[in-house]
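The lines below spell out each chain.
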Amino acid sequence: MGTETKKTIQFPYSLTVRDLAAKLGTSAVQVIKILMANGVMASINQTVDFDTASVVAAELGFEPQLEQEEEVVEEVGELPLWRQLIAGESEASLENRPPIVTILGHVDHGKTTLLDAIRHTDVAGGEVGGITQHIGAYQVTHKEKLITFLDTPGHAAFSSMRARGAQGADIVILVVAADDGVQPQTREAANHAKAAQVPIVVALNKIDKTDANLDRVKRQLADIGLQPDEWEGNTFVVPVSAKAKKGLDDLLETVILVADNLTIKANPKGKCIGTVVEASLDKTTGPMATLLVQNGTLKVGDIVIAGEGYGRIKAMFDQRRKRVSKALPSTPVRIMGLNALPEAGDLFQVAANEKEARSIVAERKAEREAKRSNKRATLEELFSRVKAGEAKELRLILKADVQGSLEPIVNSLEELGKKEKDITIKVLHAEPGSITESDVMLAAASNAIVMGFDVDIDQGGRRAAEAEGVSIRIYNIIYRLLEDVEKALKGMLEPELVEKVIGKANVLATFKVSKGGIAAGCRVVSGEIRRNAQVKVVRAGEVVFSGDILSIKREKDEVRDVREGMECGITVRNYEAFEIGDVIESFVMEKFGG
């Protein structure tokens, strides 16, 4: 009897159970049965790796093969970030590494308590509370498997790291209180994780409280796209009590299960790269930085470039303040020896020598200056990027005054997106309320545009938008917002104009002028006030008037501008209600990125 030739079949690095069944020409139920028989619990929408898919294929008489690298590289922007970081490594050199996990959620739902509970039940060192030093990241061991926790303070920080090119995390634990349910920050954190394409495990916390209602919270989770696995969804929901230390083993077990399905890998012998978790200046040792190794092995004596700083590692410490000589992938260490403080989220790498390090730092500084003015997407640039094949998706963050305004905008955008063939519209986050730093950092990390309807931008949001080069557009008529999106998709949108403050003056006195009206006696404290520019009158941080200058006088002479340190009298068209202590801001309108 001749041997039967197996039919070859190609799989990518990862695919869903549904897609695997389709490729194998069988039912998803059959695939799930085979997975269960091999100890893998997976739902129809869950992603499995190549090795897992190969087991199923072999049982059904196929010979599995990995799809060619070039087929994957075409979609490199959609690959997990760990894959992008090790793009130059051969498959044979890769080894599994511990998953990197971060904890997000609504304020007061127990994020810090959960982190502390996990930290203080750590058995990695065979002792309770063994981790003594806060370094921004730490490792615990569960059933002989390591898990790295990234102790970021919230989803704005999580996206801030992504905006700087960092790994961020492989898995997000979303903490939701069983008595309080899904709140605005819960939705926001979930949207940050989804935008990062990071799997979410829900820790349903405070189950010991008398008013805990698990079913109600699970329904709320399903409403925001996190369908619990017990309801045939693809989100693991684990009941825990961080305060009573209940369910922690189940949570860690679930994290390991998700990580096993992701097959997170690195090459310990490859190029050493990773992420700066945090940095601080120590009075005795100078700049100290916590680095999270993501590929290669970091060693004492290595010359490290981190952000725009570099230096030879003089000493390296683990989370227990113990000196170590090397750090493998997914290991956090505190290092000494840099000549400058990097920022959290900066990538680090090991250089061959100091000359190479100086050269790379100089290049980074030059790149930063070049990118500072136009770093992120704007609506008017979108069409040219689509034509060049560089963009296939318009990503938006929407904020509105009330929920009732959001719904028609989102629905209209979805209808608009259906009409376009070359590009899709994706709303990453839509919530009522002001535009905040968190919204801007999500936009920066996702190359998205922030659009607001009848809302303000808070101070943190303004600062972050300026620092990250994020485009923000504010509207008070819904159809104008939709019209601008439609024009952008068709390449007809006029260039966006943004305010650029060129000078500020403090109002020291007010007085009547000969032609009637009131003038403000001012001293220019920064930049210059120009006759042909526009001005805002700012009182206690709030803009009370915006308009044009009628005249600027120095003593009795009309002048075109006044510079820092000078005193002058300013009259403004249609405004006389100046008060001592007001600030007059002079600004011009410029093209965004110009």
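Our structure's up above, just so we're on the same page.
Source: prediction; values computed, not measured.

Rules behind the numbers
- Residues numbered from 1 in each chain as written.
- Predicted model: local features only at pLDDT ≥ 70, side-chain atom pairs only at ≥ 80, totals over all residues.
- Heavy atoms only, no water.
- Salt bridge = Lys/Arg side-chain N within 4 Å of Asp/Glu carboxyl O.
- Helix = DSSP H or I, 4+ residues; strand = E, 2+ residues; numbered from the N terminus.
- Core = buried A, V, L, I, M, F, W, Y, C linked by side-chain atoms within 4.5 Å.
- Buried < 20%, exposed > 50% of the residue type's maximum accessible area, 1.4 Å probe, protein only.
- Contact = heavy atoms within 4.5 Å.
- Pairing = 2+ DSSP bridges.
- Right-handed = clockwise from strand over helix to strand, strands pointing away.
- Expected span 1.5 Å × (residues − 1).
- Disulfide = S-S within 2.5 Å.
- Arc of directions from axis to C-beta.
- Axes fitted to C-alpha atoms, helices over the stretch in contact; angles between N-to-C directions.

> Go over the pattern of salt bridges with me, naming the residues and quoting the values.
Throughout the structure, instances matching the rule amount to 16 salt bridges. A salt bridge links glutamate 230 to lysine 218; its shortest N-O distance comes to 2.9 Å. Taken together, the residues span a long stretch of sequence, with glutamate 230 in the loop between helix H9 (214–223) and strand E11 (236–239) and lysine 218 in helix H9 at a distance of 12 residues. One network of salt bridges, in which partners are shared, links Glu528, Arg530 and Arg563.

> With reference to specific residues and values, describe the nonpolar core.
Among soluble globular proteins, nonpolar side chains are generally buried collectively. Of all hydrophobic cores here, the largest spans 27 residues; its most connected members are Ile103, Leu114, Ile118, Ile147, Phe149, Ile173 and Leu251. If you list the elements that add at least two residues to this core, you get strand E6 (100–105), helix H6 (111–120), strand E7 (137–142), strand E8 (145–150), strand E9 (171–177), strand E10 (200–205), E11 and helix H10 (248–262). It is H10 that contributes the most residues to this core, seven residues altogether. Those residues in contact with leucine 114 that lie beyond four places of it in its chain are Ile103, Ile173, Val175, Ala203, Ala242, Leu248 and Leu251. Core analysis: the second largest hydrophobic core is formed by 20 residues, Leu15, Val17, Ala28 and Val40 among them.

> Explain the pairing of E9 to me, and be specific about the residues and the numbers.
In terms of burial, E9 is largely enclosed, as seven of its seven residues are buried. Along E9, one buried face is formed by Ile171, Ile173, Val175 and Ala177 and the opposite face, lined by Val172, Leu174 and Val176, is buried too. Note: E6 against E9, five bridges, orientation parallel. Following the sheet pairing, isoleucine 103 is matched in E9 by isoleucine 173. Bridge analysis of E9 against E10 gives six bridges, and the strand direction is parallel. Bridging from a neighbouring strand, valine 175 pairs with alanine 203 of E10. A crossover connection joins E9 to the parallel E10 through helix H8 (residues 184–195); in handedness this β-α-β unit is right-handed.

> Outline H10, supporting the account with residue identities and numerical values.
With 15 residues, H10 should reach 21 Å at 1.5 Å per residue; the first-to-last C-alpha distance of 21 Å fits that figure. Residues Leu248, Leu251, Leu252, Thr254, Val255, Ile256, Val258, Ala259 and Asn261 constitute the buried set of H10. Trailing H10 by a residue or two, threonine 263 shows a phi angle of about 40 degrees, which is positive.

> A description of the state of the cysteines should follow, citing residues and the corresponding values.
The final tally for this structure, using the stated rule, is zero disulfides. Here cysteine 568 is not disulfide-linked; the sulfur of cysteine 522 is the nearest cysteine sulfur, at 5.2 Å.

> Before we move on, can you summarise helix H13 (residues 403–419) with the specific residues and values?
If you check H13, its first and last C-alpha atoms are 25 Å apart, about what 17 residues at 1.5 Å a residue would give, namely 24 Å. Inspection of H13 places Ser405, Leu406, Ile409, Val410, Leu413, Leu416 and Gly417 among the buried residues, and these make up the whole buried set. Across the axial projection of H13, the buried residues extend over an arc of 125 degrees, all falling on one side. Across H13 from its buried face, at more than 90 degrees, point the exposed residues Gly404, Lys418 and Lys419.

> Requested: an account of the sheet that holds E8, with residues and values cited.
Read across the sheet, six strands follow the order E7-E8-E6-E9-E10-E11 without closing on themselves; strand pairing throughout is mixed. A single partner strand is all that each edge strand has here, and the edge strands are E7 and E11. When the angles between neighbouring strand axes are averaged without regard to direction, this sheet yields 30 degrees. Contacts from H8 reach E6, E9 and E10 within the one sheet, and its direction differs from that of E9 by about 170 degrees.

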